[in-house]
Amino acid sequence: MPYAIVHLEVTQALPTLELTADKTGVALIVRYHDKLVGLLLQALATPYTIQPTELAEWVATSIGAKLLQESIRQEVQPPINTAGFPALTVAICTKDRSDNVARLLTSLLPLQQATGERQFEILVVDNAPSDDRTQRLLSQLPSVRYTCEPKPGLDFARNRALKEA
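Residues numbered from 1 in each chain as written. Predicted model: local features only at pLDDT ≥ 70, side-chain atom pairs only at ≥ 80, totals over all residues. Heavy atoms only, no water.

A. Up close: helix α4 (residues 154–164). When we look at burial in α4, the residues that qualify are Ala157, Arg160 and Ala161. Buried residues of α4, seen end-on, are gathered within an arc of 105° and therefore sit on one face of the element. Summarising the geometry of α4, the exposed residues directed more than 90 degrees from the buried face are Asp155, Leu162 and Lys163. In the core, the buried residues of α4 are packed alongside β6 (88–94), β7 (120–127) and β8 (144–149). (Buried < 20%, exposed > 50% of the residue type's maximum accessible area, 1.4 Å probe, protein only. Helix = DSSP H or I, 4+ residues; strand = E, 2+ residues; numbered from the N terminus. Arc of directions from axis to C-beta. Contact = heavy atoms within 4.5 Å.)

Pasting the structure below:
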């Protein structure tokens, strides 16, 4: 019973959804300004086309109150002043996992840019690496500091992170 999974950002124009015969329904992951607001499931005889007006009615009927609450919350929430935040070092201890480090940095780097590099340092401790992939990855990212701990073991890597921070 496969459902078509559709990510729906309600602050953008609603699309026309075309469900093919191999699907038995639709699962809508509904977001408001990228914040998850709800998950809607509907079994449908397929093929089926959901027009934007029908989609809007379904969302409004099912989670309209949640959307309104989220809208109000975002309107009345004061902006966060990061000027008083303490300096911070995020230490990432790794060994031969450059792909995982790259994925983690895609989440951390936007946060670092929002707070300013002086307040939010990212330090990667490469623990007894068998190759230089992590070092090469980080050489392309000037706002991320790299250090190598030659002694294998997480405790050695953590102690190196403390020393470097």
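Having seen the structure, we can now continue with the description.
B. Region of the structure containing the side chain of Ser98. Tracing the sequence through the fold places Ser98 in helix α2 (residues 98–115). The exposure class of Ser98 is buried, given its relative accessible area of 9%. Setting aside anything within four residues of it in sequence, one finds Ser98 in contact with Arg133, Thr134 and Leu137.

C. Structural context of the side chain of Arg160. Following the sequence through the fold, Arg160 ends up in helix α4. Polar side-chain contacts of Arg160 include one of 3.1 Å to the side chain of Thr147. With residues near it in sequence (within four places) discarded, Arg160 still touches Val125, Thr147, Cys148, Glu149 and Pro150. (Polar contact = N/O pair within 3.5 Å; in protein donor to acceptor, adjacent residues only side chain to side chain.)

D. Focus on the sheet that holds strand β4 (residues 35–43). Read from one edge of the open sheet, three strands run β1-β3-β4, paired in mixed fashion. Edge positions in the sheet fall to β1 (3–9) and β4, since each of these pairs with one other strand and no more. Here the average twist between neighbouring strands, direction ignored, is 15°. One ladder, built from seven bridges, connects β1 with strand β3 (residues 25–32); its direction is parallel. Residue pairing across strands places Glu9 opposite Arg31, the latter belonging to β3. Running over the sheet, helix α1 (residues 52–76) touches β1, β3 and β4 and is turned about 170° from β4. (Pairing = 2+ DSSP bridges. Axes fitted to C-alpha atoms, helices over the stretch in contact; angles between N-to-C directions.)

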